[in-house]
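# Analysis of the macromolecular model
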Amino acid sequence: MHNKLGKTKRQTLSAILKGSAEGQHAPTAFTTPSLHRTFLWIEWSILLIYFLLILTAFPKIFPFRQTIILLVTLGVCGVLSFIFPLKRPLWKRRAYILLDILVLLPSRAFTNGSLDLLLYLFLGKSCFLLKRPDAILTAIASGVAWVSCVAFQFSEDITLIPDRVEKLLADPQTLFIQQIIGEVGSHIAACTFVLLFGFIALAERRSRQKAIALAKEVETLATALERTRIAREIHDSLGHSLTTLDVQLELAQRLYKRDIHRAEDALNVAKTLASQSLADVRRAVSAMREEGFDLNGAIGILIEQFPLKIDVQASFPPLNLQTSHQIYCIIQEALTNAQKHSRATCITVQGHQTPDAIIVEIADNGVGFDPNTPSSGFGLQGMQERIQLLGGKICIESQPGKGTQIQARIPFVTRHRCST
């Protein structure tokens, strides 16, 4: 179970890290079809506004040739708006942004109509489709091309606007420089805003995708941990009851023909253990949600189920349900291991409180074992997991022929105390 859990966690984290790495080089890894729809709505809104302006106001101001150029430009942009290479190679995304910008240049060079909003929308697209350096270079290159078109159109205007001719004759260089500086300043300000906004939106989108991936990881790990918890509960509680039940049933089988009365007693004990096993299953599934769990009383009932000499010297303070239940299961598992494996005849259970910890000690006089030898059982592993859940430490000392001593130290802080 733990190997599967670790493997699942590693795979999920690898996927997240892989996605993060890809996001640094290909922003489209974090995009979704909703991004295309967002840009499509924005672009078509801008195209509709420009189209209405051309049909109503522009014919009264611009010549027929300029109107046709603007309408053709808007039509081509409308067609390109349906194409959004989210998962295409980088060179196709570059070509797409380049084509979008090139379509706008004739309208800026040969007409007095400005389609600046479309240009800045395309720069916004570049933030999501290209690498960050590519998006910045695209903004610079488009700015140079855009200002060049403005300069070209400005030279055309002097033949059409008489009042500008007089100013140009007076100081043509100053007027030209002022025009270019104004266009450059406006373009730099608009591009800076668009790029910063695009990068912030992209970073937020990446963070959201990472949060979704982490939420899925937490859900996966929570499911695996819940399965591990149920398996541990069944092993620690139900396993003990079934082991004792098996011993009683085996005893009843042997005594059935020789001593009917003792066989009947064994069957009665087996019935009691079967009921206890059912209760253990219910407790494992419900995660011990019942209130009023008395740890000291539960330990007293627990030791009565073991046919061993058990000396209990434990007095635990009031603890919350989680801590009480985990301590109970640790003691239960230690007693079960002593009965099943160590062949102990005497067990000592001690429990007390220090200013900063709860100390639980279980010692037996059994055959012992080598702690460094790998074991396929889940008992010791389950105890270690329970101590880790409580933020404590466990020390297991044993030698072949010298018994086993287990000491668990659980931090005793406010969160472990029952609220009054």
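Here the structure is a predicted model, which is why all the values come from computation and not from measurement.

## Digging into the overall build of the chain
The number of helices and strands found in the chain is 13 helices and five strands. With 420 residues in all, the chain has 40% of them scored as buried. Sequence-distant contacts, at least 24 apart, represent 74% of the contacts inside the chain between residues at least 6 apart. Here the chain displays about 23,900 Å² of accessible surface, and carbon together with sulfur accounts for 63% of that area.

## Thoughts on the environment of Leu321
Looking at where Leu321 falls in the secondary structure, it is placed in helix H12 (residues 321-342). Classification of Leu321 by relative accessible area gives partly exposed; the value is 24%. Through-space distance from the C-alpha of Leu321 to that of Leu295 is 9.0 Å; in sequence the pair is 26 residues apart.

## Quick word on the sheet that holds strand E1 (residues 309-314)
Ordered by their spatial adjacency, five strands build an open sheet running E1-E2-E3-E5-E4, and the pairing between neighbours is mixed. Edge positions in the sheet fall to E1 and strand E4 (393-398), since each has one partner strand and no second. Direction aside, neighbouring strands of the sheet carry axes that sit 10 degrees apart on average. With eight bridges joining them, strand E3 (residues 357-364) and strand E5 (residues 404-411) adopt antiparallel strand pairing. In the sheet register, Ile358 faces E5, and the bridge partner there is Ile410. Where H12 meets the sheet, it contacts E1, strand E2 (346-353), E3 and E5, and its direction lies at approximately 10 degrees from that of E3.

## Quick word on the pattern of salt bridges
According to the stated counting rule, one finds four salt bridges in the structure shown. When the shortest N-O distance is used, the salt bridge between Arg94 and Asp134 registers 2.8 Å. You can see Arg94 sitting in helix H5 (residues 90-110) and its partner Asp134 sitting in helix H7 (residues 132-157), a full 40 residues away along the chain. The buried category is assigned to Asp134, whose relative accessible area is 16%. With its nearest N and O atoms 2.8 Å apart, the salt bridge here joins Arg208 to Glu204. Of this pair, Arg208 and Glu204 both sit in helix H9 (residues 172-255), four residues apart, which is roughly one turn of that helix.

## Here's the deal with the packing of aromatic side chains
A complete count under the given rule lists four aromatic pairs for this structure. The lysine or arginine in question, Arg132, covers the ring of Phe199, its NZ or CZ lying 4.6 Å from the ring centre.

## Describing the side chain of Thr404
Within the secondary structure, Thr404 sits in strand E5. Residue classification places Thr404 among the buried residues on the basis of a relative accessible area of 7%. A polar contact is formed between the side chain of Thr404 and the side chain of Ser398, at a distance of 3.0 Å.

## Notes on the packing of helix H11 (residues 295-303) against H12
One way to put it is that H11 packs onto H12 with a least axis distance of 10 Å and a crossing angle of 20 degrees. Between H11 and H12, the angle is such that the two are roughly parallel. For H11 against H12, the interelement crossing comes out right-handed. In this structure, H11 contributes Leu295, Ala298, Ile299, Leu302 and Ile303 to the contact, and H12 contributes Ser324, Ile327, Tyr328, Ile331, Gln332 and Leu335. Of the residues belonging to the contact of H11 with H12, the class tally is nine nonpolar, two polar and no charged.

## A closer look at H12
Helix length check: H12 (22 residues) gives 30 Å between terminal C-alpha atoms against 32 Å at 1.5 Å per residue, within 8%. Across the 22 residues that make up H12, a large majority, 17, are buried.

## Here we look at the pairing of E4
Judged from the six bridges that link them, E4 and E5 form a sheet pairing that is antiparallel. Note that in E5 the partner of Lys393 across the bridge is Arg409. In this structure, the hairpin formed by E4 and E5 is closed by a connection of five residues, where Gly401 is found at a positive phi of approximately 85 degrees.

## Some words on the pairing of E3
Buried residues dominate E3, accounting for six of its eight residues. One ladder, built from seven bridges, connects E2 with E3; its direction is antiparallel. If you follow Gln353 over to E3, its bridge partner there is Ile358.

## Quick look at helix H4 (residues 64-80)
The end-to-end C-alpha distance of H4 is 25 Å, a good match for the 24 Å that 17 residues give at a rise of 1.5 Å each. For H4, the set of buried residues is Gln66, Thr67, Leu70, Thr73, Leu74, Cys77, Gly78 and Leu80. Projected down its long axis, H4 carries its buried residues within an arc of 165 degrees, all on one side. Structural note: H4 exposes Phe64, Arg65 and Val79 on the side pointing more than 90 degrees away from its buried face.

## As for the packing of H4 against H5
Closest axis-to-axis distance for the H4/H5 pair is 9 Å, and the angle between their directions is 170 degrees. Between H4 and H5, the interaxial angle falls into the category roughly antiparallel. The crossing of H4 and H5 is left-handed. Across the interface between the two elements, Arg65, Gln66, Ile69, Leu70, Thr73, Val76, Cys77 and Leu80 of H4 pack against Tyr96, Leu99, Asp100, Val103, Leu104, Pro106, Ser107 and Phe110 of H5. Across the contact of H4 with H5, the residue classes break down as eleven nonpolar, three polar and two charged.

Here is what the cut-offs are and how they apply
Residues numbered from 1 in each chain as written. Predicted model: local features only at pLDDT ≥ 70, side-chain atom pairs only at ≥ 80, totals over all residues. Heavy atoms only, no water. Helix = DSSP H or I, 4+ residues; strand = E, 2+ residues; numbered from the N terminus. Buried < 20%, exposed > 50% of the residue type's maximum accessible area, 1.4 Å probe, protein only. Contact = heavy atoms within 4.5 Å. Areas by Shrake-Rupley, 256 points an atom, 1.4 Å probe, with all protein chains shown as cover. Pairing = 2+ DSSP bridges. Axes fitted to C-alpha atoms, helices over the stretch in contact; angles between N-to-C directions. Salt bridge = Lys/Arg side-chain N within 4 Å of Asp/Glu carboxyl O. Phe/Tyr/Trp six-rings, centres within 6.5 Å; stacked < 30°, edge-to-face > 60°. Lys NZ or Arg CZ within 6 Å of the ring centre and 35° of its normal. Polar contact = N/O pair within 3.5 Å; in protein donor to acceptor, adjacent residues only side chain to side chain. Parallel < 35°, antiparallel > 145°, perpendicular 65-115°, else oblique. Left-handed = near helix turned anticlockwise from the far one by under 90°. Nonpolar A, V, L, I, M, F, W, Y, C, P; charged D, E, K, R; others polar. Expected span 1.5 Å × (residues − 1). Arc of directions from axis to C-beta.

Functional significance is not addressed by these values, which are geometric in nature.
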